[in-house]
Amino acid sequence: MNKRIMFLEFCFFLFLLIGCYSYYTEINKNGISKFKNKKSFFIKNFSSYSSDGIYVKDVDLIFLNDTISKRCFTSTDLYLLKKVFLNDPLYAKKPFQILAYSNVDLENCLGLFYACFHSVDDRFLIYIPLLKLKDTIIMNELQKNEISCQKEEYIKQVLLEKYDTLAISEKINLFLLGKFERSRNISPAGCGLPR
């Protein structure tokens, strides 16, 4: 009898602990991002609207822009990124956040972005650089990488429409450094931008 009561008390405590956890979910109000506070029993919501107004699960774009149409990444872009991450057991089916390197990249919807994951032990944040061009997204999952001369020339040519050569060199150099980790303690409000 005592074991049964202890088990029920444990289940009740667990139910209260999990049931009291609340999260914010995003609502699309005429193309503007709004938040609604919800309570969850088992799952944390980590989803948001892409620039084409489609709700994409396991991707957080909320910090890119409150105007949904200006978020730079379409649902097709995000599904393709998720498909690439499925090939890696470290990132497969894990939610991630996309951050712009700078406000200029965000305004232009062109340049350097980061896909940000929580590590397995949740102590670190893993940043994977993405170069978003007009017609493609290039990802660098490696640490230290080289790209071909043709690809580099193409990147420079596309970015020259919005950036000067110094800014382009900085973006390419940061992209070539590849993925890196940072302690979660550095940025308490989410992934935070690497600088």
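It should be emphasised that the depicted structure is a prediction, and the values quoted were computed from it without experimental measurement.

**Q** Report on the overall build of the protein chain, specifying residues and quantitative values.
**A** From N to C terminus, the protein chain includes five helices and 10 strands. Of all 195 residues assigned to the protein chain, the portion counted as buried reaches 37%. In the protein chain, of all internal contacts separated by at least 6 residues, the share reaching a separation of at least 24 is 49%. As presented, the protein chain carries roughly 12,100 Å² of accessible surface, and 58% of it is formed by carbon and sulfur atoms.

**Q** Just give me the short version of helix α4 (residues 149-159), but keep the residues and values in it.
**A** Inspection of α4 places Ile155, Val158 and Leu159 among the buried residues, and these make up the whole buried set. Down the axis of α4, the buried side of the element spans an arc of 95°, and every buried residue falls inside it. Counted as exposed and oriented over 90 degrees from the buried face of α4: Cys149, Gln150, Glu153 and Gln157. Residues of α4 that are buried sit in contact with β7 (111-118), β8 (124-132), β9 (137-139) and α5 (165-177).

**Q** Describe the packing of aromatic side chains, with residues and values.
**A** If you walk through the whole model with that rule in mind, you get 10 aromatic pairs. Their ring planes at 85° and their centres at 4.8 Å tell us that Phe85 and Phe117 sit as a pair that is edge-to-face. You can see Phe85 sitting in helix α2 (residues 75-86) and its partner Phe117 sitting in strand β7, a full 32 residues away along the chain. The exposure class of Phe117 is buried, given its relative accessible area of 0%. These aromatic residues form a ring-pair network of at least three members: Phe85, Tyr91, Phe96 and Phe117. A cation over an aromatic ring shows up here: Lys132 above the ring of Phe73, its NZ or CZ 5.8 Å from the ring centre.

**Q** Please set out the nonpolar core residue by residue, giving values where relevant.
**A** The biggest cluster of nonpolar side chains holds 21 residues, and the ones touching the most others in it are Ile155, Leu159 and Phe175. Listing elements by their share of this core, those giving two or more residues are β7, β8, α4 and α5. Here the element with the most residues in this core is α5; it accounts for five residues. Setting aside residues up to four positions removed in sequence, Leu159 forms contacts with Leu110, Gly111, Leu133 and Ile168. Ranked by size, the runner-up nonpolar core spans 20 residues in total, among them Val59, Phe96, Ala100 and Phe113.

**Q** Lay out the pattern of salt bridges with the relevant residues and their values.
**A** All told, the structure shown has three salt bridges when counted by the stated rule. Its salt-bridge partner being Glu161, residue Lys134 comes within 2.9 Å of it at the nearest N-O pair. With a gap of 27 residues between them, Lys134 in the loop between β8 and β9 and Glu161 in the loop between α4 and α5 connect regions that are remote in the sequence. Each member of the pair, Lys134 together with Glu161, is exposed. Among the salt bridges present, the one from Glu152 reaches Lys156, with a minimum N-O distance of 3.4 Å. Placement of both Glu152 and Lys156 in helix α4 is noted, with a separation of four residues, approximately one turn of the helix.

**Q** So, the pairing of β8: which residues are in play, and what are the values?
**A** In terms of burial, β8 is a largely internal element, eight of the nine residues being buried. Both β7 and β8 contribute to a ladder of eight bridges, which runs antiparallel. Residue Leu112 lies in a different strand from β8, and its bridge partner there is Leu131. Linkage of β7 to β8, two consecutive antiparallel strands, is achieved through a turn of five residues, within which Asp122 is found at a positive phi near 65°. The sheet contact formed by β8 and strand β10 (residues 180-183) spans four bridges and is antiparallel. Following the sheet pairing, Phe124 is matched in β10 by Ser183. One ladder, built from three bridges, connects β8 with β9; its direction is antiparallel. Counted as the bridge partner of Lys132 is Ile137 from β9. Joining the antiparallel neighbours β8 and β9 is a turn of four residues.

Definitions and limits used
- Positions within a chain are numbered from 1, following the residues in the order the chain's sequence is written.
- A pLDDT threshold of at least 70 governs which residues receive local features in this predicted model, and a stricter bar of 80 or more applies before side-chain atom pairs are shown or counted, although totals over entire chains, interfaces and linings include all residues.
- Side-chain metrics in this entry use all non-hydrogen atoms of the structure; hydrogen atoms and water are not considered.
- Only DSSP runs of H or I with at least four residues qualify as helices, and only runs of E with at least two residues qualify as strands; both kinds are numbered from the N terminus onward.
- Buried means the residue's accessible area, taken with a 1.4 Å probe over protein chains only, is under 20% of the maximum for its type, while exposed means over 50%, and partly exposed covers the values in between.
- Throughout, a contact is declared for two residues whenever any of their heavy atoms are within 4.5 Å.
- Areas reported here follow the Shrake-Rupley algorithm with a probe of radius 1.4 Å; residue values treat only the protein chains shown as occluding.
- Directions drawn from the helix axis to the C-beta atoms are what define this arc.
- Any pair of Phe, Tyr and Trp rings, taking the six-membered ring for Trp, is counted once the centres come within 6.5 Å. Such a pair is stacked with planes under 30 degrees apart, edge-to-face with planes over 60 apart, and tilted for the rest.
- Consider the ring centre and the ring normal. A charge sits over the ring if Lys NZ or Arg CZ is within 6 Å of that centre and within 35 degrees of that normal.
- Definition used in this section: a nonpolar core is a set of buried Ala, Val, Leu, Ile, Met, Phe, Trp, Tyr and Cys residues joined via side-chain atoms within 4.5 Å.
- In the sections that follow, a salt bridge refers to a side-chain nitrogen of Lys or Arg positioned within 4 Å of a carboxyl oxygen of Asp or Glu.
- Criterion used throughout: strands pair if DSSP finds at least two bridges between them.

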